[in-house]
Amino acid sequence: MNVLVTGGAGYIGSHTCVELLQAGHRVIIADNLSNASADVPERIAVIAGAAPVFYQVDVRDKDALREIFRAYAIDSVIHFAGFKAVGESCREPLKYYRNNIDSTLTLLEVMGEFGCKTIVFSSSATVYGPNNPVPYREDMPANVATNPYGWTKLMIEQILRDQASADPEFRAVLLRYFNPIGAHPTGLLGDDPNGIPNNLMPYVARVAAGILPKLTVFGGDYDTPDGTCLRDYLHVVDLAKGHLAAIDYAASHPGAEAINLGTGSGVSVLELVHAFTRATGREVPYVIGPRRDGDLPMVWADAGKAKALLGWTAEKTLEEMCRDSWSFASKAGNR
Ligand code: NAD
Ligand code: UD1
């Protein structure tokens, strides 16, 4: 298949391109490099043994997208492009609504012009909001977000459902990711946020590397076994494989289907820190600090629907997630 991957130079997109290429698909990346390095397509090619086609374009640029659809008969689209920092979305909401919504609308319009009707979208567990009990199931209400980033995910899910209602041939899979961590085992691709990381694993890796002095654990007094929050961490390579299963499923299933991608179990902040030290031999000094606003005590997936519909389950262990994160973060050339 010819697969257009928007945001394909980013963290999850790049790992997905590797899996797509290794499975024999032709991959066309559209990425404006607003949050990725220019050498990522080359790194993808080194790992996969086949090169993606790369267009440095903004997905909001309709003419640029049309050029891609004219050059390649696109069978399906995986739509990763968007901004993803929760805190920044609260400070600059318009930037998030403009980029995330506009890019999706432009993409769908151009797909319509060229008769492309299959899309896999990067949604998030954040759509379950603060009111559902764990484990989160796809049939639970997902209609309240707690920040503008989360609202863009809810709005885009709705746009895709509306499009599926309007066109009986339209096929969308809305993948709700839990907490992707880890990196490619080659150490060539991974998550390398600019500035001080907000997310736990990149922060832990920088403490382990001695770049940051210590981790602050956000809250030690939650009603959880060790007092710290529980999350459903999954390896980014497992997540990437879920997209392959999703494009196959989408190709023959009209409608808009939401599917969780998670392991189905919760791991605490302290369990992750200890697993990191076991897997890498690196100490991670930490202090218990106050809770972070907006954090939920417990988040994990019911992973049954992904298994039933996609035949997908997460396979890699927490140790592998930690080891691969470290092998990427500790390579000087990646920074
Ligand atoms: P990322 O920032 O690494 O990748 C996004 C890519 O999109 C970047 O390469 C960026 O340059 C590109 N991009 C952004 N706006 C663009 C535009 N208008 N035109 C073209 N390219 C554009 O993020 P990621 O972690 O790989 O996440 C990918 C998707 O998955 C995002 O939609 C994100 O919201 C979603 N998601 C991520 C997580 C996570 O924990 N990383 C969790 C849930 C959902
Ligand atoms: C966050 C976002 C979520 C987004 C996801 C991926 C919030 C409230 N949620 O999820 O919408 O989809 O990132 O981008 O921002 N922690 C520490 N110390 C740190 C960093 C994190 O203790 O320095 C803890 C957090 O309290 C949390 C866990 O580690 O319990 C994971 O945090 P993080 O990686 O930021 O992910 P989420 O908060 O689950």
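That block above? That's the structure.
Residues numbered from 1 in each chain as written. Chains lettered and ligands numbered in written order. Predicted model: local features only at pLDDT ≥ 70, side-chain atom pairs only at ≥ 80, totals over all residues. Heavy atoms only, no water.

## Comments concerning the packing of helix H3 (residues 62–71) against helix H5 (residues 93–113)
The condition is simple: Every angle, taken between N-to-C directions, lies between 0 and 180 degrees, and every axis is a line fitted to C-alpha atoms, over only the stretch in contact when it is a helix. Helical segments are the DSSP runs of H or I of at least four residues, strand segments are the runs of E of at least two, and each set is numbered from the N terminus. An angle counts as roughly parallel when it lies under 35 degrees, as roughly antiparallel when it exceeds 145, as roughly perpendicular when it falls between 65 and 115, and as oblique in every other case. Crossing handedness is defined as follows: a turn of the near helix away from the far one that is anticlockwise and smaller than a right angle gives a left-handed crossing, while the clockwise case is right-handed. Here, residues are in contact when the closest pair of their heavy atoms is within 4.5 Å. Asp, Glu, Lys and Arg are counted as charged, while Ala, Val, Leu, Ile, Met, Phe, Trp, Tyr, Cys and Pro are counted as nonpolar; the rest, among them Gly, fall into the polar class.
Two elements in contact, H3 and H5, have axes whose closest approach is 10 Å; the angle formed by their N-to-C orientations is 40 degrees. One element, H3, and the other, H5, form an angle in the oblique class. Here H3 and H5 pass one another in a crossing that is right-handed. Seen from H3, the contacting residues are Lys62, Leu65, Arg66 and Phe69; seen from H5, they are Thr106, Leu107, Glu109, Val110, Met111 and Glu113. Split by residue class, the contact of H3 with H5 holds five nonpolar, one polar and four charged.

## Description of the side chain of Ser89
Rules: Whenever a nitrogen or oxygen atom comes within 3.5 Å of another N or O atom, the pair is scored as a polar contact, on the condition that within protein one atom can donate a hydrogen and the other can accept it, and that pairs from neighbouring residues in sequence are kept only if both atoms are in side chains.
Tracing the sequence through the fold places Ser89 in helix H4 (residues 86–91). A distance of 2.7 Å separates the side chain of Ser89 from the backbone oxygen of Val86, its partner in a polar contact. Sequence-distant contacts of Ser89, that is, excluding residues within four places in its chain, are made with Tyr96, Asn147, Pro148 and Tyr149.

## Quick notes on the site of ligand 2
What counts is decided by this rule: Near, as used in this document, describes a residue that has one of its heavy atoms within 4 Å of the molecule or strand being considered. Using a 1.4 Å probe, accessible areas were evaluated by the Shrake-Rupley method; residue-level cover was limited to the displayed protein chains.
Taken together, 19 residues surround ligand 2, and among them Thr216, Phe218, Arg231, Arg292 and Asp295 come closest. Interatomic distance of 3.0 Å between a side-chain N/O atom of Asn199 and an oxygen atom of ligand 2. Between ligand 2 and Arg292, the relevant distance is 2.8 Å, taken from an oxygen atom to a side-chain nitrogen or oxygen of the residue. Coverage of ligand 2 by the protein amounts to 86% of the 740 Å² it exposes when considered alone. Looking at the shell around ligand 2 element by element, the count peaks at four residues for strand E8 (residues 215–218). Tallied by class, residues from the shell around ligand 2 come to nine nonpolar, seven polar and three charged.

## Some thoughts on unusual backbone geometry
Note the threshold: Burial here depends on accessible area, computed with a 1.4 Å probe over protein chains only, as a share of the maximum for the residue type. Under 20% is buried, over 50% is exposed, and the range in between is partly exposed.
Here the bond from Val134 into Pro135 is cis, since omega is -5 degrees, no more than 30 degrees from zero. Assignment of secondary structure puts Pro135 in the loop between strand E5 (118–124) and helix H6 (148–166). For Leu33, which is not glycine, the phi dihedral falls at a positive 60 degrees. Note on placement: Leu33 falls in the loop between strand E2 (26–30) and helix H2 (40–48). For Leu33, a relative accessible area of 16% translates into the label buried.

## Structural notes on the site of ligand 1
In the vicinity of ligand 1, 27 residues are found, and the nearest of them are Ile12, Asp31, Asn35, Lys84 and Asn99. Interatomic distance of 2.8 Å between a side-chain N/O atom of Lys84 and an oxygen atom of ligand 1. Summarising the interface, the protein chains cover 94% of the accessible area of ligand 1, which totals 820 Å² for the free molecule. Elements that contribute at least two residues to the shell around ligand 1 include exactly helix H1 (11–22), E5 and H6. Ranked by the residues each element gives to the shell around ligand 1, the list is headed by E5, at three residues. In terms of residue class, the shell around ligand 1 is made up of 12 nonpolar, 10 polar and five charged.

## A closer look at H5
Note the following rule: One less than the residue count of a helix, multiplied by 1.5 Å, gives the span that helix is expected to have.
An ideal rise of 1.5 Å per residue puts 30 Å on 21 residues; H5 measures up with 30 Å between its terminal C-alpha atoms. Buried within H5 we find Tyr96, Asn99, Asn100, Ile101, Ser103, Thr104, Thr106, Leu107, Leu108, Val110 and Met111. Two residues or fewer after H5 comes Gly115, characterised by a positive phi angle close to 70 degrees.

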